[in-house]
Structure formats: structure tokens, C-alpha cells
Amino acid sequence: MGHMAGIRNIVVLTGAGISAESGLRTFRAEDGLWEDHPVEEVATPQGFRRDPELVQRFYDERRANILAAQPNAAHEALARLDAGSGELLIVTQNIDDLHERAGAKRMLHMHGEGLSAWCTACDARHRWTGTLRDNPPCPECGERMLRPDIVWFGEMPYEMERIFAAIARADLFVSIGTSGAVYPAAGFVQQAKSARARTLELNLERSQGSHWFDETRLGPASELVPVWVGEVLGG
């Protein structure tokens, strides 16, 4: 499937593996602990109700790490793809803004954004780079009910209808840096196949979901993604 000519409509899913090379660690891939707390304690609505200070501290740290990180060659290659013609939607599971900083525009964050605060009183969302630990007022309504604009375990991912509509029209579905064995990638690749799209997995290692894909290429995203984008743009 090295030949990428004739591909006009692409949906790309990116996961933790694309940002790992920018120094942003994944909690599920490692021991799943943050300061000895299981990630479930800091990334669930129940955890937030039980210990809001702990959860805000965790996301303050995520925010600081995102601001300190830089896009890598994989993010930059996808931004080049976005600058080209043809239809494209980049769906990221990541909460960092490295795709945007690399220059990508046609994208969405299905699990929310680390640099966004969501007011649960008035539903406004605000770009946020500082702390939420001091329970600041919402710039819109003044209520002190801001939380990280993150889709926590047990909450509904953002923009699922838009994602499924894009996959239904796609010629090619590409999964980058995320296990094809777990939701949502597993569901997306199966939907892409039923829509008769070609499917490509770029990942560090094979996953239990790799058999769903027409082709799997193994290696770091910063090496694989520029090569693949070059094939599409050169095609």
C-alpha cells in the first residue's frame, strides 16, 4: 500500500505516541500512577468531587508541561498535510496543543484540551494557561465553577458525530501513536473498513488491533509520519 495516489479524503487519529517524543508522558502506558495516585483518582468526575484540589494540581502540572513542550517532526508533517488540498480531519486523543502550534487547522480534540477551562455554571470555555487550584471566577459569568476542559473516564468524548461522518466519507483512515486495540481507535478502524476506506496504522509496536488495518508500519512517529505525508503529497 506504499502507493498513496488518488487519496482525496483522509481521517487521521493521533494518540499519546505522537506527543511522547515531545516529552509529554502518557499515564496509561506506564504504571498508571501520578504521585502514587491511580490515574482513575485524578481523571474521573468522582475523583474531582472527592478531591478537587488534587485533580486541579494534576492538571496544573499537565498545563505547565504542555506549555514547555514543542511540536516534533510528526506534528509538523501533519500540518504540511493540512496545508495541502483534499479533505482532511485530524482527530486527536491528546490534550496538548502541539498540532495547532505546528500549524494544523482542520482538527478536533475528542478528549478535550489541557489549555482550556470549562465553566460548569454557564458552559463557556476559555483558553487557560495558569492555575485553577485557587478556584478562580469564570471570566464570562463570574461563578467559581471552572474545571479542566477534559473528557474524563466515563464521560462522552467530544464531536463523535462529526468524527463518524468524516470516517464514513474517507478514502483513508490513519491511526498514529495509539493502540488499535482500544476504543476509540478500534471502533474507528472497523467503521472505516465498513465504509471501504483503506486503513493504515503507524505505531511504535504492533497492537492487538493491528489485524484490523490493511497496513501497519512500526517505528517512532517522528520518522514514520513525515515519510507517509511525503507519499501523500508526492502522490
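Here the structure is shown first, and the text comes after it.
Calculation rules
Residues numbered from 1 in each chain as written. Predicted model: local features only at pLDDT ≥ 70, side-chain atom pairs only at ≥ 80, totals over all residues. Heavy atoms only, no water. Phe/Tyr/Trp six-rings, centres within 6.5 Å; stacked < 30°, edge-to-face > 60°. Helix = DSSP H or I, 4+ residues; strand = E, 2+ residues; numbered from the N terminus. Buried < 20%, exposed > 50% of the residue type's maximum accessible area, 1.4 Å probe, protein only. Arc of directions from axis to C-beta. Contact = heavy atoms within 4.5 Å. Pairing = 2+ DSSP bridges. Axes fitted to C-alpha atoms, helices over the stretch in contact; angles between N-to-C directions.

Participant: Report on the packing of aromatic side chains, specifying residues and quantitative values.
Facilitator: In the structure shown here, the tally under the stated rule is 6 aromatic pairs. Geometrically, the ring pair formed by Tyr-59 and Trp-152 is tilted, given 6.2 Å between the ring centres and 40° between the ring planes. Highlighted residues: Tyr-59 in helix 4 (residues 52-68) and Trp-152 in the loop between strand 8 (146-150) and helix 7 (160-169), separated in sequence by 93 residues. Assigned by exposure class, Tyr-59 and Trp-152 land together as buried. Here the aromatic rings of Phe-164 and Phe-188 are separated by 5.6 Å at their centres, their planes lie at 85°, and the arrangement is edge-to-face. Linking Phe-164 in helix 7 with Phe-188 in helix 8 (residues 185-194), this pair joins segments that are 24 residues apart in sequence. According to the relative accessible area criterion, Phe-164 is partly exposed, its value standing at 32%. Accessibility expressed as a relative area gives 1% for Phe-188, which makes it buried.

Participant: Tell me about helix 7, and please be specific about residues and values.
Facilitator: Think of an α-helix as 3.6 residues a turn; residues three or four steps apart then line up on the same face. Within helix 7, burial applies to Met-160, Ile-163, Ala-166 and Ile-167. All buried residues of helix 7 project into a common sector of 130° when viewed along the axis, lining one side. As for helix 7, its buried residues are in contact with strand 1 (9-14), strand 4 (87-92), strand 5 (107-109) and helix 8.

Participant: Give a detailed account of the sheet that holds strand 5, specifying residues and quantitative values.
Facilitator: Read from one edge to the other, the open sheet built from 6 strands follows the order 5-4-1-9-10-11, with strand pairing classed as parallel. The sheet is open, and its two borders are formed by strand 5 and strand 11 (215-218), each paired with just one other strand. Each strand axis lies, on average, 15° off the axis of its neighbour in the sheet, ignoring direction. Pairing geometry for strand 10 (residues 198-203) and strand 11, over 4 bridges, is parallel. Paired with Asn-203 across the strands is Leu-218, a residue of strand 11.

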